[in-house]
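Spelled out, the chains give:
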Amino acid sequence: QSGFSLVMNHPACVNEITLSLNNKNPRTKALVLELLAAVCLVRGGHDIILAAFDNFKEVCGEKNRFEKLMEYFRNEDSNIDFMVRPGGGRAACRGRRAAHADLLPPGAQVACMQFINIVVHSVENMNFRVFLQYEFTHLGLDEYLE
């Protein structure tokens, strides 16, 4: 709890955590997203998360916010480990490489979308929610899920 409070009081810390999405280890990426989702749900956390992804965009040279995040979801090499929750459905995926979420076992799509859903749906302002949905649509999320 105290560590979480320290993170919340230092947005630069959240920036560094977000930059850890560049780590090649799919498990690290998943843990980072779980932590960022938790921050997003705390009062004031949503703004911190969006600012961290703005920083990520600038530091990593993205054209659009969340660009790399969507790239990770579409990445065939890390798709399964990155999207499947620890211990959930991994045996069913062993040896398979899937390019699309619909090829994964049930539950994997839920794990894949958890962070995006929290970012989009933890906003009270409906107009801002639609704006965030459009950001992900613009990056091809809808097409990817079809």
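Residues numbered from 1 in each chain as written. Predicted model: local features only at pLDDT ≥ 70, side-chain atom pairs only at ≥ 80, totals over all residues. Heavy atoms only, no water.

In the nomenclature of an unreviewed UniProt entry, the protein is known as FMNL1 protein of Nothocercus julius.

A. How the structure looks around the overall build of the protein. Scanning the protein from terminus to terminus reveals ten helices and zero strands. Overall, the protein shows an N-to-C arrangement of helices and strands of α-α-α-α-α-α-α-α-α-α. The buried share of the protein, taken over its 146 residues, is 42%. Across the protein, contacts joining residues at least 24 apart in sequence account for 59% of those joining residues at least 6 apart. With an accessible surface of roughly 8,200 Å², the protein has 51% of that area assigned to carbon and sulfur atoms. (Helix = DSSP H or I, 4+ residues; strand = E, 2+ residues; numbered from the N terminus. Buried < 20%, exposed > 50% of the residue type's maximum accessible area, 1.4 Å probe, protein only. Contact = heavy atoms within 4.5 Å. Areas by Shrake-Rupley, 256 points an atom, 1.4 Å probe, with all protein chains shown as cover.)

B. Helix α3 (residues 26-41), seen in detail. Between the first and last C-alpha of α3 there are 23 Å, a value that for 16 residues agrees with the 22 Å anticipated at 1.5 Å per step. Looking only at α3, the buried set comprises P26, K29, A30, V32, L33, L36, A37, V39 and C40. (Expected span 1.5 Å × (residues − 1).)

C. Quick peek at the pattern of salt bridges. Evaluated as defined, the whole model comprises two salt bridges. For the salt bridge of R65 with D54, the shortest nitrogen-to-oxygen distance reads 3.3 Å. Linking R65 in the loop between α4 (45-60) and α5 (67-74) with D54 in helix α4, this pair joins segments that are eleven residues apart in sequence. We classify R65 as buried; its relative accessible area is 10%. In this structure, R65 engages E135 in a salt bridge whose closest nitrogen and oxygen atoms are separated by 2.6 Å. Here E135 lies in helix α9 (residues 126-138) and R65 lies in the loop between α4 and α5, a separation of 70 residues in the sequence. E135 shares its class with R65; the two are buried. (Salt bridge = Lys/Arg side-chain N within 4 Å of Asp/Glu carboxyl O.)

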